[in-house]
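Chain and residue survey
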Amino acid sequence: MAAQTLQQPSFLLANLKADATTKPLLQRCQDLVKIIDEYPAKELHLIFPWLVESVFGSLDGIIAGWNLRLLHSRSNEYNIVMEFLNPSGPMMKLVYKLQAEEYKYEIPINYLPGPVKACIQEGVLPDCPLFHNKLQFPLSGLLTLNLALNPFEFFMFNFAYCLITPKNYPPGQHGSSTDTAYFVLVDTYLKYFLPSEGSVPPSPYSDSRGSVTAPSPRSSSVSFAGYGVHSPSLLKHHIFHQPSVNADPAAQEIWRSETLLQMFVEIWLHHYSLEMYQKLQSPQVKEPFSPSEEHVLVVRLLVKHLHAFSNSLKPEQLSSSPSAHSHTHTSPLEEFKRVVVQRFVQQKLYLFLQHCFGHWPLDASFRAVLETWLSYIQPWRYTGEKTNPPPDQNRTVPEKWESFVQENLLMYTKLFQVLLNRAVRTDLVNAKNALMVFRVAKVFAQPNLAEMIQKGEQLFLEPEHVLHHRQPRGYLTPSQGGSYLSSRQRVVTDVVFRVKSHVYALEGQDCQYKQMFGPELRGAVLKLIQIIAQARQTAKRISDHSNEVAANNSFLSWFGMGSSDPNNTFPGAEPEDSGECLKKTHEFLDRALENLCQIFKLNQVQLTQLISNLGSSQDDGNCKQLPDCIQGENGLILTDLGRSQIISGLRRFDIHYQGDPELQPIRSYESALLVRLFYKISSVVNERFGGHMNALCSRTDFLGRLGRHYLADTDSTAKLRQSPVTRRTLERNRQPRLSLRPLASYRTLLLLLLLYVLGALLSFGPVSSTLLILTGGFLYGLFMTLFGDKLKTH
C-alpha cells in the first residue's frame, strides 16, 4: 500500500483491515514498512492498537493474530515475522516513533495478574512500580478501570500476555516446542534489552518522556512483600523515577530493560501471592491460574538468561562494597545486573514453582518445571566461562556462590521437601520419572553444595537474642580493645539478617521452618530410598517377565496361539517401560541412590540394612499378594501403604473382567463375525431352555455335576475375590447357560481344522469327524466331572 500524505487515518486503518483478509503476509508486512517510514506519529497512533492485536492476538484469545506460538522455523512465514518483529525491525521502529510523543494506550485491569488486580481493586498501590500512576478512572465507576501505558509498555504487555492467552491448538499441534517464533523472539528480546556484553542500543528517536513514570508516595498501608524486606535498591532513582532530560544517556535508556523485565515477571510469574498460596492449601479453593508446559519452558529461558546477565557483572563491581560503590561511577546497567535476580524475580518465581510442584500432574511433563527450578538454583552454570570444566560428578561449587545459596535458602530446602513428597507418589518404574529423581539427586550431590545449604540453615536458626547480645570476644583484634563488634562479627550479623529476611519475606513472619538436614526430612529421604529400591526390583521383574512372554509367544503368535489372557500384561508396564528403557530406569535409580547417600551421609552398610528391612514383601513369591487393604462395608479399601505398594509396583490386584462374559469386548484372537453370530444363537437357546438348564444344574447327582461342568463357570467366584468389588457383586449368583463364544476363537477354529484334516487323512468324512469330535468333547467332560476335583487337590 503506497503511503499517501493526504490520506485520512481512519481511511488508512480501514484499508489495512481490508488488506488483512486479502493480501498475503509478506505483502502486508512490506506495506506496513512503507507506512511506518512515511506516515507521521499522529496518524500511526490510530493504527497501533489494531496492529498490535493483529500480531499478538486479542487479550481474550478470540483473535488469534499471527499465531507466534505455533509458527515454527520450517514455516514459510517464519522469516517474514522474525524480520518484522526484530528488536531493530519495523515494528519496534513504530514503537519508538510513538514513544517520542505523549500517546497512551489503555489496558483493562481485568487482564492483570490476580494479585495486582486485587491490590488495585482494594485501593492499594501495587508493589510493582510498573503500574504506578497509570490508572484511568472512567466516569462510569470503578468497574471498568484501565491502565494507560506508553507505546513500549503496551507492546511488551501484549507480547508477554500472548503466552498465557488460552489457545485452541489445531489437531496434531502443541505449544511446548522451543523452536517457535514466540520462543525465539523472547530469547532475542532478552539478549537485546538485557545484554551480557555492551549496553542497550539507543532509540533512533528522541525519547525524553517515554521512561517509567515516578510513582506516587507510598502510604503506610502498602506492603513491601513484593520485594521482601531488602534494603532500598541501588536502582531506586532509575526504576522508580523517570530520568530527567539532562540525565546520563545510559540511565535514559535503561528504563526499557527494566520495563521489559518487570512486564515479563509480572505477566508470567505474578499469579500467586503469599496469602493466596496459603489459601490454596485448602482443597475447596479453586486454582487461580494453571501454567502450561510451554509457559514453564519460556520461564526457564528467562531464568537462564537472567543468570547469564547477572553473572556478566564486572568482577570489580561485584566485589566492591555498597558504600564504596556509591562513591564511584557505575553504569546503571551494571547496577541493574547486581540486584536483578534477588529483587525482581526471587519471590514471584518461588511461589510460581511452589504452586507447580504441588499441582502439576504426576507425569513426565513435570520435567519442564523441574529443569526450571534446577536452572535457578545453579547460577554457576551460566557464567559464560569457556574453560574446560571437570566432569559434572566432580565439579565443585565455587565458594563465591555461598551468598547466593544463603539468600535463596528456601529455593533449595523448601522446594526439595515439596519435591520429595511428590516423588514418593510417582511411578519410578517409568524411565522418565526415574530420570527426574536422578537429576535432582545429582544436582544436590555436587561437592560443597550440601555444606553451603547446611550452613545457611544454621545461620537462619541463629537465635535473635544471641545475635544481638553476643560478646565480641574471639573476634576482636588487640587494637579494638573490645569496645565494639569486629568487622567479622558485623559480617556474620549481616549474613544472618539477609538469610532471615529472605525466609520471612517468602514464607511470612510466622513460618515454621523444617530443616533439610533435620530428622523429619531425613526420615522422608529414607522412605524415598526404600521406594527407589522397590522400583528397581519391579523394573527387573517387568523386564524378566516381558522377555519370558516374548520368548514363549514368538513362534505361536504366527498361528494366533500366543497368550490369550487379556490380563497377561504385567502391571505398570507401559510402551516406554520395556527393553532399553527398563535398563535406563535401573541405571537412573542406582545413581540416584548413590547421590542421595552422598548428600545425607549414608554409608553402604546403612543402605544395605535399609533395603533389607523391606522384608519378605520384596521377594517374587510375596509380590503376588494383594496390596494392603482393610475390609470395609462394601468391600476392600486400600490403605496408604497399599497405594504406595501399587505405585511402586510391589503388589497388585489381579484384574479380571467382572461383567457378563458374553458381552466383554471382542479380543484380537476372536472372529468378530462369529462372536456376534454365536451370541445370538446361544441367547435364543438360553432364553428357551433356561429353566431346564437351571433345574439340571441344581441337581446333586452325577447329571447335575455334568451339567454344571458344561453350563456354569465354576471359577468365577474365585476370580472375583481377587479384586476389591462390592459384596453385592461377590454374592451374585450366575445363572447356568450355554456359551458358544469359545468356538469363535481362532485357536479353536485352527484346532478343529487340524482335526478335520487328520480325519480326512484317516478316510473319515465330515459327518464322521464331527461325531468323533463331539464324542471326544463329551468324554473329556465326563472325565473332568469324575476326576476333576481330585486333580485340583493334587
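Residues numbered from 1 in each chain as written. Predicted model: local features only at pLDDT ≥ 70, side-chain atom pairs only at ≥ 80, totals over all residues. Heavy atoms only, no water.

**Details of the overall build of the chain**
Scanning the chain from N- to C-terminus turns up 32 helices and five strands. Scored against the burial criterion, the 794 residues of the chain give a buried share of 45%. Within the structure as shown, the chain displays about 41,100 Å² of accessible surface, and the carbon and sulfur contribution to it stands at 57%. (Helix = DSSP H or I, 4+ residues; strand = E, 2+ residues; numbered from the N terminus. Buried < 20%, exposed > 50% of the residue type's maximum accessible area, 1.4 Å probe, protein only. Areas by Shrake-Rupley, 256 points an atom, 1.4 Å probe, with all protein chains shown as cover.)

**Quick word on the packing of helix α5 (residues 90-99) against helix α7 (residues 151-161)**
Contact geometry for α5 and α7: axes closest at 8 Å, N-to-C directions at 145°. Where α5 abuts α7, its residues Met-91, Met-92, Val-95, Tyr-96, Leu-98 and Gln-99 lie against Pro-151, Phe-152, Phe-155 and Met-156. Of the residues that constitute the contact of α5 with α7, the class distribution is nine nonpolar, one polar and no charged. (Axes fitted to C-alpha atoms, helices over the stretch in contact; angles between N-to-C directions. Contact = heavy atoms within 4.5 Å. Nonpolar A, V, L, I, M, F, W, Y, C, P; charged D, E, K, R; others polar.)

**Overview of unusual backbone geometry**
Residues other than glycine seldom take positive phi values, yet Lys-601 does so here, at roughly 55°. In this structure, Ser-763 takes a positive phi of about 70° despite not being glycine. Structurally, the position occupied by Ser-763 is in the loop between α31 (746-761) and α32 (766-793). The exposed category is assigned to Ser-763, whose relative accessible area is 67%.

**With respect to helix α27 (residues 672-697)**
Taking 1.5 Å of rise per residue, 26 residues should cover 38 Å, yet α27 covers just 30 Å from first to last C-alpha, more than 12% shy of that figure. Of the residues making up α27, those classed as buried are Val-675, Phe-678, Ser-682, Asn-686, Met-693 and Cys-697. The elements touched by buried residues of α27 are α28 (702-711). (Expected span 1.5 Å × (residues − 1).)

**Focus: the pattern of salt bridges**
Here the structure, examined in full by the defined rule, presents 20 salt bridges. Where Glu-334 meets Lys-337, a salt bridge forms, and the shortest distance between an N and an O atom there is 3.3 Å. Of this pair, Glu-334 and Lys-337 both sit in helix α15 (residues 332-359), separated by three residues, roughly a single helical turn. Given a relative accessible area of 9%, Glu-334 falls into the buried group. Across the salt bridge formed by Lys-514 and Glu-520, the nearest N and O atoms sit 3.3 Å from each other. You can call Lys-514 partly exposed: its relative accessible area is 45%. A single network of salt bridges, built from pairs that share partners, joins Asp-19, Lys-23 and Asp-31. (Salt bridge = Lys/Arg side-chain N within 4 Å of Asp/Glu carboxyl O.)

**Topic: a nonpolar patch on the surface**
Among the surface-exposed residues, Leu-751, Leu-753, Leu-755, Val-757, Leu-758, Leu-761, Leu-762, Phe-764 and Leu-772 lie close enough to one another that they form a single nonpolar patch of about 870 Å² accessible area. Here the element with the most residues in the nonpolar patch is α31; it accounts for six residues. Topologically, Leu-761 is positioned in helix α31. Judged by its relative accessible area of 67%, Leu-761 falls in the exposed class. (Patch = residues over 30% accessible without salt bridge, like charges linked within 9 Å, V, L, I, M, F, W, Y side chains within 5 Å.)

**Regarding empty space enclosed by the protein**
If you walk through the whole model with that rule in mind, you get five cavities of 30 Å³ or more. The space that makes up the largest cavity amounts to roughly 210 Å³. Along the walls of the largest cavity sit 17 residues, with Leu-419, Ala-423, Met-436, Val-437 and Val-440 positioned nearest its centre. Looking at the lining of the largest cavity, the elements with two or more residues in it are α18 (409-423) and α19 (431-444). Split into classes, the residues belonging to the lining of the largest cavity amount to 13 nonpolar, two polar and two charged. (1 Å grid on protein atoms, 1.4 Å probe; cavity = no way out; pocket = protein on both sides within 12 Å on 5 of 7 lines; lining within 4 Å. Points joined across faces, edges and corners; volume = space filled by probe spheres on them.)

**A short note on the packing of aromatic side chains**
Within this structure, the stated rule accounts for 33 aromatic pairs. Residues Phe-56 and Phe-155 carry aromatic rings whose centres are separated by 5.3 Å and whose planes lie at 65° to one another, so their mutual orientation is edge-to-face. Placement of Phe-56 in helix α3 (residues 41-56) and of Phe-155 in helix α7 is noted, with a sequence separation of 99 residues between them. Using a relative accessible area of 2% as the deciding quantity, one classes Phe-56 as buried. On the basis of relative accessibility, which here comes to 0%, the residue Phe-155 falls in the buried class. Taking the centre distance of 5.8 Å and the plane angle of 85° together, the rings of Tyr-111 and Tyr-161 count as edge-to-face. (Phe/Tyr/Trp six-rings, centres within 6.5 Å; stacked < 30°, edge-to-face > 60°.)

**Some remarks on the packing of α15 against helix α16 (residues 367-376)**
Remark: α15 packs on α16, axes separated minimally by 11 Å, with the N-to-C direction vectors making an angle of 150°. The angle between α15 and α16 places the two elements in the roughly antiparallel class. α16 is crossed by α15, and the crossing has left-handed handedness. Residues Val-341, Gln-342, Gln-346, Leu-349, Leu-353, Cys-356 and Phe-357 of α15 form the contact with α16, whose own contacting residues are Val-369, Thr-372, Trp-373 and Tyr-376. Of the residues that constitute the contact of α15 with α16, the class distribution is eight nonpolar, three polar and no charged. (Parallel < 35°, antiparallel > 145°, perpendicular 65-115°, else oblique. Left-handed = near helix turned anticlockwise from the far one by under 90°.)

**Structural notes on the sheet that holds strand β3 (residues 146-149)**
The antiparallel open sheet is built from three strands, whose spatial order is β1-β3-β2. Of all the strands in the sheet, just β1 (105-108) and β2 (135-136) have a single pairing partner and so form its edges. Running over the sheet, α7 touches β1 and β3 and is turned about 35° from β1. (Pairing = 2+ DSSP bridges.)

**Observations concerning the environment of Leu-68**
Along the chain, Leu-68 falls in the loop between α3 and α4 (78-85). Since its relative accessible area comes to 1%, Leu-68 is described here as buried. Sequence separation between Leu-68 and Val-81 is 13 residues; the distance between their C-alpha atoms is 8.5 Å. When neighbours within four sequence positions are excluded, Leu-68 is seen to be in contact with Val-55, Phe-56, Val-81, Leu-85, Thr-180, Ala-181, Tyr-182 and Leu-185.

**Details of the nonpolar core**
The biggest cluster of nonpolar side chains holds 175 residues, and the ones touching the most others in it are Met-156, Trp-268, Trp-373 and Phe-444. Residue contributions to this core peak at 13 residues, all from α15. Ignoring anything within four residues of it in the chain, the contact list for Phe-444 reads Trp-373, Ile-377, Tyr-412, Phe-416, Leu-449, Ala-450, Ile-453, Met-516 and Ile-599. (Core = buried A, V, L, I, M, F, W, Y, C linked by side-chain atoms within 4.5 Å.)

**Some remarks on the environment of Ser-375**
If you trace the backbone, Ser-375 turns up in helix α16. A relative accessible area of 0% places Ser-375 in the buried class. Of note is the side chain of Ser-375, whose polar atom sits 2.8 Å from the backbone oxygen of Glu-371. (Polar contact = N/O pair within 3.5 Å; in protein donor to acceptor, adjacent residues only side chain to side chain.)

**Details of the environment of Phe-438**
For Phe-438, the location among the structural elements is in helix α19. Residue Phe-438 is classed as buried on the basis of its relative accessible area of 5%. For the pair Phe-438 and Ala-592, spaced 154 residues apart in sequence, the C-alpha to C-alpha distance is 4.5 Å. The contacts of Phe-438, once residues within four sequence positions are left out, are Phe-588, Arg-591, Ala-592 and Asn-595.

**Quick look at the confidence of the model for the chain**
Residues of the chain with pLDDT of at least 70 account for 72%, and the chain-wide mean is 78. Confidence, expressed as mean pLDDT per element, reaches its minimum in the chain at helix α9 (residues 236-239) with 34 and its maximum at α16 with 97. Counted against residues more than four places away or in other chains, residues 208-247, with its pLDDT under 50, gives 91 contacts. Considering only residues more than four positions removed or in separate chains, one finds that residues 465-486, a stretch of pLDDT under 50, has 20 contacts. (pLDDT = per-residue confidence, 0-100.)

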